[in-house]
Amino acid sequence: METQLQSCYFTKKGPSLVTLFGYATKSVPGLEINGLGKYGKAIKEKIVFVTRSRQLQIPLKRFVLNVEITDDLGDLEGSSVKWLEYPLLLHYWYLAGLLPISKLDNCLAIGSLTPSGEVVEPINASVVELCEEHDLHLIASSDVETPNGVIDGKDLFGSIAELSFMSNNPTAVMA
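All of these numbers come straight from a predicted model, not from anything done at the bench.

**Quick word on the overall build of the protein chain**
Counting its regular elements, the protein chain contains six helices and ten strands. Looking at the protein chain as a whole, 49% of its 175 residues qualify as buried. Looking at the protein chain alone, contacts between residues at least 24 apart form 69% of all its contacts between residues at least 6 apart. In the structure as shown, the protein chain presents an accessible area of about 8700 Å², 49% of it carried by carbon and sulfur atoms.

So, in structure tokens, the structure goes:
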């Protein structure tokens, strides 16, 4: 099984689209995150912790998640990489067959994740514009309108895990 999901990386010019792609294979079980350098291991461990603390049954497969960050975005910064945590969790649980959604290829998600399962979403007008420009459905729990519709994150995760969602101050994201 393979899929891709869109997310954002915040730069001084605003949000830039980032593609997350991944697959699951019958190999040595585990989770691997590529493309984030030193930040990848910490995000992986957070995702594993959140998954285990909810006692979710993950199939014995190898899950590989990749982040395609182009060179024009510059060096990776922790303040921007953290907004990829929620989409990576979403991507992992989708590949594990835990989410009631048929495909993620035309979706965008963004947010940070705490070990206790709190998701903070930095949804603002520029993120909504990015969805409109690239014809993407936004996965969010915030009360926001987009031309392509919003998939409610609370509904998506509601049946399998208790995650709490918070909106972030949009001006803080762009700083």
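**Quick notes on the side chain of Thr-51**
Relative to the helices and strands, Thr-51 resides in helix α1 (residues 39-53). According to the relative accessible area criterion, Thr-51 is buried, its value standing at 3%.

**Some words on unusual backbone geometry**
Notably, Gln-55 is not glycine yet its phi reads approximately 50 degrees, a positive angle. The exposure class assigned to Gln-55 is exposed, which follows from its relative accessible area of 67%. At Asp-135, a position not held by glycine, the phi torsion is positive, near 55 degrees. Along the chain, the position of Asp-135 falls in the loop between α4 (125-133) and β8 (137-140). By relative accessible area, Asp-135 is classed as exposed at 52%.

**Some words on the pairing of strand β4 (residues 62-68)**
Along β4, five of the seven residues are buried, which leaves the element largely enclosed by surrounding structure. Pairing geometry for strand β2 (residues 14-25) and β4, over seven bridges, is antiparallel. Within β4, the residue paired with Thr-25 across the bridge is Arg-62. As paired elements, strand β3 (residues 30-34) and β4 share five bridges and run parallel to each other. Looking at β4, one finds that Ile-33 is bridged to Leu-65.

**Here's the deal with the environment of Val-18**
Relative to the elements of secondary structure, Val-18 occurs in strand β2. By relative accessible area, Val-18 is classed as buried at 0%.

**Digging into the packing of aromatic side chains**
Between two aromatic rings, the relevant description is the distance of the centres plus the angle of the planes. Counted under the stated rule, the structure contains one aromatic pair. Here Phe-63 and Tyr-92 contribute two aromatic rings whose centre-to-centre distance is 5.2 Å and whose plane-to-plane angle is 90 degrees, an arrangement assigned as edge-to-face. You can see Phe-63 sitting in strand β4 and its partner Tyr-92 sitting in helix α3 (residues 85-95), a full 29 residues away along the chain. Each member of the pair, Phe-63 together with Tyr-92, is buried.

**Notes on the packing of α1 against α3**
Close contact between α1 and α3 brings their axes to 10 Å; oriented N to C, the two are set at 55 degrees. What the angle tells us is that α1 and α3 run oblique. Note that α1 runs across α3; the crossing there is right-handed. Between α1 and α3, the contacting residues are Ile-43, Lys-46, Ile-47, Val-50 and Thr-51 on the first element and Glu-85, Leu-88, Leu-89, Tyr-92 and Trp-93 on the second. For the contact of α1 with α3, a count of residues per class yields seven nonpolar, one polar and two charged.

**So, α3**
In terms of burial, α3 is largely enclosed, as eleven of its eleven residues are buried. What α3 keeps buried is the set Glu-85, Tyr-86, Pro-87, Leu-88, Leu-89, Leu-90, His-91, Tyr-92, Trp-93, Tyr-94 and Leu-95. Positive phi shows up at Gly-97, right after α3, with a value of about 80 degrees.

Criteria and thresholds
Residues numbered from 1 in each chain as written. Predicted model: local features only at pLDDT ≥ 70, side-chain atom pairs only at ≥ 80, totals over all residues. Heavy atoms only, no water. Helix = DSSP H or I, 4+ residues; strand = E, 2+ residues; numbered from the N terminus. Buried < 20%, exposed > 50% of the residue type's maximum accessible area, 1.4 Å probe, protein only. Contact = heavy atoms within 4.5 Å. Areas by Shrake-Rupley, 256 points an atom, 1.4 Å probe, with all protein chains shown as cover. Pairing = 2+ DSSP bridges. Phe/Tyr/Trp six-rings, centres within 6.5 Å; stacked < 30°, edge-to-face > 60°. Axes fitted to C-alpha atoms, helices over the stretch in contact; angles between N-to-C directions. Parallel < 35°, antiparallel > 145°, perpendicular 65-115°, else oblique. Left-handed = near helix turned anticlockwise from the far one by under 90°. Nonpolar A, V, L, I, M, F, W, Y, C, P; charged D, E, K, R; others polar.

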